[in-house]
Amino acid sequence: MILSRVIGLVLGYIFGLFPTGTLVGRAHQTDLKKEGSGNTGMTNSIRVLGWKAGIIVFAGDFFKAVVPMVIIWVIYRNVYPDMVKLLMLYSGLGAVLGHNFPFYAKFKGGKGIACSIGNIIAFDWRMAPICAILFFVTVIPTGFMSLGSLGIIIGFFVQTIVFGQLGFLNIAGQFLPELYLLAAILTALAFIQHRGNLKRLASGTENKFAPSKKERE
């Protein structure tokens, strides 16, 4: 069973390496790492390139977490039915690690929110409504995408524990502490990758969300 965990983690990492934002930027003759916030994720893509590009970036990052998790489910759903959710989350964690820390870019990547949203949907879609509510009630009044993103991750973490304790995840009890640990690691990674945003929020210098200059014009 240790090997199955490693397979899930490695498979997710490989998918997570796909450089969606970089490729979309190149298609627009733009290096997103040198424009806006310097991030290749959806938010900066929208700021620099517009909504269409941002949605494409989001979709690519979303599915590079979903696809390996589905593959793991197909492989192990009958082999380890009482822990397949755990193995799926190992794969989801791998995708976030690949996105955040790609070896080919000196382990400097994105923030992993779109990948994490893919994790949530593939892991248990029933968590999505609460996560969406937390996102919108945070972003709409403040304009800070970073706060909304962290709201999504917090919602996922809390619901993972609640769903697990209520028996909604169809996972054996002995695997629940390990599952909660993976959810905690994913949550910690989101906060670590947003540490710059949190510092700017504390100092009052964080940028609010805005469309690209082209769209504003």
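Since this is a predicted model, take the numbers as computed values, not measurements. (Residues numbered from 1 in each chain as written. Predicted model: local features only at pLDDT ≥ 70, side-chain atom pairs only at ≥ 80, totals over all residues. Heavy atoms only, no water.)

Draft legend 1. Looking closely at the nonpolar core. In terms of nonpolar packing, the biggest core is built from 44 residues, with Leu-86, Phe-123, Phe-156 and Leu-179 touching the most fellow members. Where this core is concerned, the elements lending two or more residues are α4 (51-76), α5 (84-100), α6 (113-123), α7 (128-142), α8 (145-166) and α9 (176-193). Sorting elements by how many residues they give to this core places α5 first, with nine residues. When near neighbours in sequence (up to four residues on either side) are disregarded, Leu-86 contacts Arg-5, Ile-171, Phe-175, Glu-178, Leu-179 and Leu-182. Among the nonpolar cores identified, the runner-up in size contains five residues, and Val-24, Leu-32, Leu-49 and Ala-53 belong to it. (Core = buried A, V, L, I, M, F, W, Y, C linked by side-chain atoms within 4.5 Å. Buried < 20%, exposed > 50% of the residue type's maximum accessible area, 1.4 Å probe, protein only. Helix = DSSP H or I, 4+ residues; strand = E, 2+ residues; numbered from the N terminus. Contact = heavy atoms within 4.5 Å.)

Draft legend 2. Structural context of empty space enclosed by the protein. One pass over the full model with this rule turns up two cavities of 30 Å³ or more. Here the largest cavity is characterised by a volume of approximately 40 Å³. For the largest cavity, the full set of lining residues is Ser-116, Asn-119, Ile-120, Ile-153, Phe-156 and Leu-186. Listing elements by their share of the lining of the largest cavity, those giving two or more residues are α6 and α8. Take the lining of the largest cavity: its biggest share by element is three residues, from α6. Tallied by class, the residues present in the lining of the largest cavity amount to four nonpolar, two polar and no charged. Here the second largest cavity is characterised by a volume of approximately 30 Å³. (1 Å grid on protein atoms, 1.4 Å probe; cavity = no way out; pocket = protein on both sides within 12 Å on 5 of 7 lines; lining within 4 Å. Points joined across faces, edges and corners; volume = space filled by probe spheres on them. Nonpolar A, V, L, I, M, F, W, Y, C, P; charged D, E, K, R; others polar.)

Draft legend 3. Representation of the pattern of salt bridges within the structure. Applying the stated rule across the entire model yields four salt bridges. Of the charged contacts, one joins Asp-61 and Lys-64 as a salt bridge, the two residues approaching to 3.2 Å between their closest N and O atoms. A residue pair is termed a helical-turn pair when its members lie 3 or 4 positions apart in one helix, as Asp-61 and Lys-64 do in helix α4 at three residues. Using a relative accessible area of 5% as the deciding quantity, one classes Lys-64 as buried. Among the ionic pairs, Arg-126 bridges to Asp-124, the shortest N-O distance being 2.7 Å. Residue classification places Asp-124 among the buried positions, given a relative accessible area of 5%. (Salt bridge = Lys/Arg side-chain N within 4 Å of Asp/Glu carboxyl O.)

Draft legend 4. Region of the structure containing the layout of surface pockets. Volume-wise, the largest pocket comes out at about 740 Å³. Along the walls of the largest pocket sit 37 residues, with Met-42, Thr-43, Ile-113, Met-145 and Ser-149 positioned nearest its centre. Secondary-structure elements contributing two or more residues to the lining of the largest pocket are α3 (42-49), α4, α6, α7, α8 and α10 (195-203). In terms of residue count, α6 provides more of the lining of the largest pocket than any other element does, six residues in total.

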